[in-house]
Amino acid sequence: MRKTHPYEHNPAEIDFSALQNSLDSVGIKVASDGHKIQTMAICGYPLCHSDKITTRLAAELIGKGWQVQYATCCRHPHEWVSTVKGLTKEWTQHAKQMAVVDGYTPHFGFTDSVHAVRTREVEREGVSYVSTPESFAGVHTATAKAFNSLKSKSGTDVRLPTLIIYEGCRALVDLESVEQYRIFLRHVLTSERMWGGMVTLFVEPETDPNSLAVISAYADYKDVMEASEVRDAK
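Here we summarise the structure given alongside this text. Predicted model only: the values in this text are computed from it and were never measured.

In this section: the overall build of the protein chain. Assigned secondary structure in the protein chain consists of 10 helices and seven strands. Taken over the C-alpha trace, the protein chain has a radius of gyration of 17 Å; the compact-globule value for 234 residues is 17 Å, and the two agree within 12%. Taken along the three principal axes of its C-alpha coordinates, the protein chain extends 55 × 50 × 40 Å. Residues counted as buried form 50% of the 234 residues belonging to the protein chain. Pairs at least 24 apart in sequence give 82% of the contacts found in the protein chain among residues at least 6 apart. Carbon and sulfur atoms provide 51% of the accessible area of the protein chain, an area that totals close to 11,400 Å². Computed over 25 positive and 29 negative side-chain charges, the inter-centroid distance for the protein chain is 5 Å.

Per the counting criterion, the structure on display carries eight aromatic pairs. Measuring from centroid to centroid gives 5.8 Å for Tyr 7 and Phe 147, while their planes differ by 65°, and the two rings are edge-to-face. Of this pair, Tyr 7 sits in the segment before helix H1 (16-25) while Phe 147 sits in helix H7 (residues 136-154), and the two are 140 residues apart along the sequence. Given a relative accessible area of 6%, Tyr 7 falls into the buried group. When the ring of Tyr 70 is compared with that of Trp 80, the centres are 4.0 Å apart and the planes differ by 10°; the resulting orientation is stacked. Remark: Trp 80 occurs in helix H3 (residues 78-86) and Tyr 70 occurs in strand E2 (residues 67-72); sequence separation between them is 10 residues. Like Tyr 70, the residue Trp 80 is buried in the burial classification. Three or more aromatic residues link up through ring pairs in this structure, and these residues are Phe 136, Tyr 166, Tyr 181, Phe 184 and Phe 202.

Attention shifts here to the environment of Val 188. Its place among the elements puts Val 188 in helix H8 (residues 178-195). Put simply, Val 188 and Thr 200 are 12 residues apart on the chain and 8.8 Å apart in space, counted from C-alpha to C-alpha. Beyond its immediate chain neighbours, meaning those up to four positions away, Val 188 contacts Tyr 166 and Phe 202.

This paragraph deals with the sheet that holds strand E3 (residues 98-102). Read from one edge of the open sheet, seven strands run E4-E3-E2-E5-E6-E1-E7, paired in parallel fashion. The sheet is open, and its two borders are formed by strand E4 (128-131) and strand E7 (221-224), each paired with just one other strand. Strand-to-strand twist in this sheet, taken as the mean axis angle between neighbours without regard to direction, amounts to 10°. As defined by bridge partners, strand E5 (residues 162-167) adjoins strand E6 (residues 198-204) across six bridges and the pair is classed as parallel. Residue pairing in the sheet places Tyr 166 in a bridge with Phe 202 of E6. The strands touched by helix H9 (residues 209-218) are strand E1 (39-43), E6 and E7; relative to E1, the strand with the most contacts, the crossing angle is about 150°.

Our next topic: the environment of Glu 179. Its location among the elements puts Glu 179 in helix H8. When its relative accessible area of 44% is taken as the criterion, Glu 179 is described as partly exposed.

With that settled, the discussion passes to the nonpolar core. With 36 residues, the main nonpolar core has Ile 28, Met 40, Trp 80, Met 98 and Leu 163 as its most contacted residues. Elements represented by at least two residues in this core include exactly H1, E1, helix H2 (47-62), E2, H3, E3, E5 and E6. When residues of this core are assigned to their parent elements, the largest contribution, six residues, is made by H2. In this structure Leu 163 touches Leu 57, Ala 58, Leu 61, Trp 66, Gln 67, Val 68, Gln 69, Val 199 and Leu 201, once residues within four positions along its chain are discounted. Counting 31 residues, the second largest nonpolar core, distinct from the first, contains Leu 172, Leu 189, Leu 212 and Ile 215.

A few words now on the side chain of Gln 97. Within the element layout of this structure, Gln 97 appears in the loop between helix H4 (91-94) and E3. If we ignore the near neighbours within four places in the chain, the residues touching Gln 97 are Ile 62, Gly 65, Trp 66, Gln 67, Val 68 and Leu 150.

Cut-offs used in this document
- Residues numbered from 1 in each chain as written.
- Predicted model: local features only at pLDDT ≥ 70, side-chain atom pairs only at ≥ 80, totals over all residues.
- Heavy atoms only, no water.
- Helix = DSSP H or I, 4+ residues; strand = E, 2+ residues; numbered from the N terminus.
- Rg over C-alpha atoms; globule rule 2.2 N^0.38 Å.
- Buried < 20%, exposed > 50% of the residue type's maximum accessible area, 1.4 Å probe, protein only.
- Contact = heavy atoms within 4.5 Å.
- Areas by Shrake-Rupley, 256 points an atom, 1.4 Å probe, with all protein chains shown as cover.
- Lys, Arg positive; Asp, Glu negative; His and termini not counted.
- Charge placed at Lys NZ, Arg CZ, Asp CG, Glu CD.
- Phe/Tyr/Trp six-rings, centres within 6.5 Å; stacked < 30°, edge-to-face > 60°.
- Pairing = 2+ DSSP bridges.
- Axes fitted to C-alpha atoms, helices over the stretch in contact; angles between N-to-C directions.
- Core = buried A, V, L, I, M, F, W, Y, C linked by side-chain atoms within 4.5 Å.

By themselves these figures say nothing about function.
Below, the structure is given as structure tokens:
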């Protein structure tokens with residue numbers, strides 16, 4: 001019955017030339033060969049390293065009108081959101097362009113009350129917060145809820161360009177299986193590419209060769225700390 005495509009199927013066109021400049025500014029050096037960057041991966045680095053890239057990139061793109069969706073399974077999202085806030089001049093407005101998916105607290109937070117305190121702090125900032133059910137499927141369900149939250153705030157029928165960050169999802173392997181993780185990878189990396197209007201960034205502080213092979217198969221950009229570099233870093 002619709003005469004136009006719904007919001008989900010109607011993404012604004014990404015200016016990939018401008019995106020390339022933003023990536024360069026945060027240290028993601030992608031070969032300028034005209035290829036559209038849609039899927040990226042940073043693997044094997046400690047969070048203190050990847051944060052310097054992801055928070056700056058989020059702040060940079062939010063300032064250009066993008067939306068940012070950040071899903072993490074290896075820590076509460078409060079720390080990351082606070083860092084982005086410190087990099088953003090018009091935070092009151094820019095916070096509305098962000099949604100976070102907390103896959104850490106349901107799986108690893110146990111009964112510590114501090115997680116509820118930090119959640120309320122994130123919500124008071126104006127950032128959409130979604131907690132995940134306990135599974136890889138639950139993470140996927142929560143990202144859909146976060147998507148709908150950003151949709152309700154956008155005030156437009158055109159889906160805005162969106163940076164989607166998945167951080168530390170492999171942590172759930174300890175509760176499920178590495179096979180389930182690879183299934184999750186194969187779905188997310190390909191489906192988000194098909195939807196269009198999204199740039200997906202997988203950040204994995206820890207990984208394994210088989211999972212890394214799946215990520216590598218789909219990544220337009222990949223930065224992996226090799227085992228020898230890890231030893232040197234220590």
